[in-house]
Amino acid sequence: MRRIADGRVRVDGRVVRNPSFRVELGRARLELDGEPVRERRTSLVIALHKPAGHVTTRVDPGGRPTVYDLIPQLDRFVFPVGRLDRDTRGLLILTDDHRLGQRLTDPLHHVAKTYHAHVAGVPAEDALEVLRRGITLPDDGTPTRPARVRSLGVAKDGGAWLEIVLTEGRNRQVRRMCAAIGHDVRDLVRVAIGSLELGDLPAGEWRRLAPDEVARLG
Ligand code: URA
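It is worth spelling out the overall build of the chain at this point. A tally of regular secondary structure across the chain gives 5 helices and 13 strands. Relative to the 2.2 N^0.38 estimate, which gives 17 Å for 218 residues, the radius of gyration of the chain is 23 Å and therefore markedly larger than a compact globule would have. Along the first, second and third principal axes, the C-alpha set of the chain runs to 75 × 35 × 30 Å. Buried residues in the chain amount to 41% of all 218 residues. Restricting the contact set of the chain to residue pairs at least 6 apart, pairs at least 24 apart contribute 59%. Summed over its atoms, the accessible surface of the chain is roughly 12,800 Å², and 49% of this surface lies on carbon and sulfur atoms. For the chain, the centre of its 37 positive side-chain charges and the centre of its 30 negative side-chain charges are spaced 4 Å apart.

Here you go:
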């Protein structure tokens, strides 16, 4: 405050002595004693409820809608943390913070991603146990890590809803795991990343995360 009152601070070249003077960060040129002030920017982290049908890329050569069609032009570029398939719905985080992005996707950090999968038919308990222990994906032979898997109940169409919690993110992993036990996925929703839940954020809507939510992400 004193530095402002002493007239040592300039905004866009003009001395400002009023400590309540509003400055648009990222746009205003700030100087202290004639030296530019580098602002410490807080990360921008947004949660998007991705609907089915949108692809998780910046531009789609096929002209399909992308997740960027759902968020406004922001003052910085945000990238998606991991991907959701075009047909998968649910929680997608976008951020400008590369360190956060790495932490959330690095398998060594074990950040849990929780999915609800509607599968065809009702898997037997021993089939769920196979998924829990980890399975070798038949299409390319990769082993999956142990996962938390539980049944959420039988669906109206005779299929079942499963909750699957992964700490890794292989391409189409939930779909491939379920296909490997003979129960194709009909619908897939990511309902949480770490402790952050999708909650009642409506499909196609986004919101900026508060700093304490970002800190709890994982
Ligand atoms: N697993 C899948 O099969 N698809 C996703 O989009 C995410 C996890």
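And the narrative resumes.
All right, on to the pattern of salt bridges then. Within the structure shown, the criterion is met by 17 salt bridges. Salt-bridge contacts for Asp33 lead to Arg8; the nearest nitrogen and oxygen are separated by 2.7 Å. Taken as a pair, Asp33 in the loop between strand E3 (30-32) and strand E4 (35-36) and Arg8 in the loop between helix H1 (2-5) and strand E1 (9-11) lie far apart in primary sequence, 25 residues in all. Residue class for Asp33 comes out partly exposed when judged on its relative accessible area of 46%. Asp187 is paired through a salt bridge with Arg89; the nearest N and O atoms lie 2.6 Å apart. Separated by 98 residues along the polypeptide, Asp187 in strand E11 (residues 185-193) and Arg89 in strand E7 (residues 89-95) bring together distant segments of the chain. Looking at Arg89, the relative accessible area reads 27%, which means it is partly exposed. Look at the salt bridges and you will find they share partners, linking Glu125, Glu129, Arg132 and Arg133 into a network.

This next bit is on the environment of Thr105. Relative to the elements of secondary structure, Thr105 occurs in helix H2 (residues 98-105). In this structure the C-alpha to C-alpha distance between Thr105 and Asp200, which are 95 residues apart in sequence, comes to 24 Å. Not counting the four nearest positions on each side in its chain, Thr105 is found in contact with Val81 and Gly82. A distance of 2.8 Å separates a polar side-chain atom of Thr105 from the backbone oxygen of Gly101.

Turning to the side chain of Lys113, a few remarks are in order. Mapping Lys113 onto the fold places it in strand E8 (residues 113-119). Nearest to the buried, unbridged Lys113 among oppositely charged side chains is Asp106, at 9.4 Å. Within the structure, the side chain of Lys113 is placed 2.9 Å from the backbone oxygen of Leu104, a separation counted as a polar contact. Ignoring any residue separated from it by four or fewer positions in sequence, one finds Lys113 in contact with Leu104, Ile164, Val165, Leu166, Arg190, Ala192 and Ile193.

Moving on, we get to the pairing of strand E5 (residues 45-50). With 6 of 6 residues buried, E5 lies mostly within the body of the structure. Of the two faces of E5, the one lined by Val45, Ala47 and His49 and the one lined by Ile46, Leu48 and Lys50 are each fully buried. For E5 and E7, the ladder comprises 6 bridges, and the chain directions are antiparallel. Across the sheet, Lys50 pairs through a bridge with Gly90, a residue of E7.

Moving on: the domain arrangement of the chain. As assigned here, the chain comprises domain 1 (2-36) and domain 2 (45-208). A separation of 45 Å is found between the C-alpha centroids of domain 1 and domain 2.

Counting across every chain of the model gives 1 aromatic pair. Centre to centre, the rings of Tyr68 and Phe77 are 5.8 Å apart; their planes meet at 10°, and the pair counts as stacked. Here the guanidinium or amino end of Arg58 rests over the ring plane of Tyr68, the centre of that ring lying 4.4 Å away.

Below, the discussion takes up the site of the ligand. Around the ligand sit Leu84, Asp85, Thr88, Tyr115, Arg172, Gln173, Val174, Arg175 and Leu188, and that is every residue in its neighbourhood. Within the complex, the protein chains bury 96% of what would otherwise be the 230 Å² of accessible surface of the ligand. With respect to the pocket detection grid, the ligand is positioned in the largest pocket. Of all the elements, helix H4 (residues 173-180) adds the most residues to the shell around the ligand, at 3 residues. For the shell around the ligand, the residue count by class is 4 nonpolar, 2 polar and 3 charged.

Let us look at the nonpolar core. Soluble globular proteins: nonpolar side chains tend toward being buried together. Core analysis: the biggest nonpolar cluster contains 49 residues, and Ile93, Leu94, Ile164, Val174, Met177 and Leu217 have the highest contact counts within it. Going through the elements one at a time, E5, E7, H2, E8, helix H3 (125-133), strand E10 (160-166), H4 and E11 are the ones with two or more residues in this core. Ranked by residues supplied to this core, first place goes to E11 with 5 residues.

What counts, and at which threshold
- Residues numbered from 1 in each chain as written.
- Predicted model: local features only at pLDDT ≥ 70, side-chain atom pairs only at ≥ 80, totals over all residues.
- Heavy atoms only, no water.
- Helix = DSSP H or I, 4+ residues; strand = E, 2+ residues; numbered from the N terminus.
- Rg over C-alpha atoms; globule rule 2.2 N^0.38 Å.
- Buried < 20%, exposed > 50% of the residue type's maximum accessible area, 1.4 Å probe, protein only.
- Contact = heavy atoms within 4.5 Å.
- Areas by Shrake-Rupley, 256 points an atom, 1.4 Å probe, with all protein chains shown as cover.
- Lys, Arg positive; Asp, Glu negative; His and termini not counted.
- Charge placed at Lys NZ, Arg CZ, Asp CG, Glu CD.
- Salt bridge = Lys/Arg side-chain N within 4 Å of Asp/Glu carboxyl O.
- Polar contact = N/O pair within 3.5 Å; in protein donor to acceptor, adjacent residues only side chain to side chain.
- Pairing = 2+ DSSP bridges.
- Domains from an automatic or database assignment.
- Phe/Tyr/Trp six-rings, centres within 6.5 Å; stacked < 30°, edge-to-face > 60°.
- Lys NZ or Arg CZ within 6 Å of the ring centre and 35° of its normal.
- Near = heavy atom within 4 Å.
- 1 Å grid on protein atoms, 1.4 Å probe; cavity = no way out; pocket = protein on both sides within 12 Å on 5 of 7 lines; lining within 4 Å.
- Sits in = over half its atoms within 2 Å of the grid points.
- Nonpolar A, V, L, I, M, F, W, Y, C, P; charged D, E, K, R; others polar.
- Core = buried A, V, L, I, M, F, W, Y, C linked by side-chain atoms within 4.5 Å.

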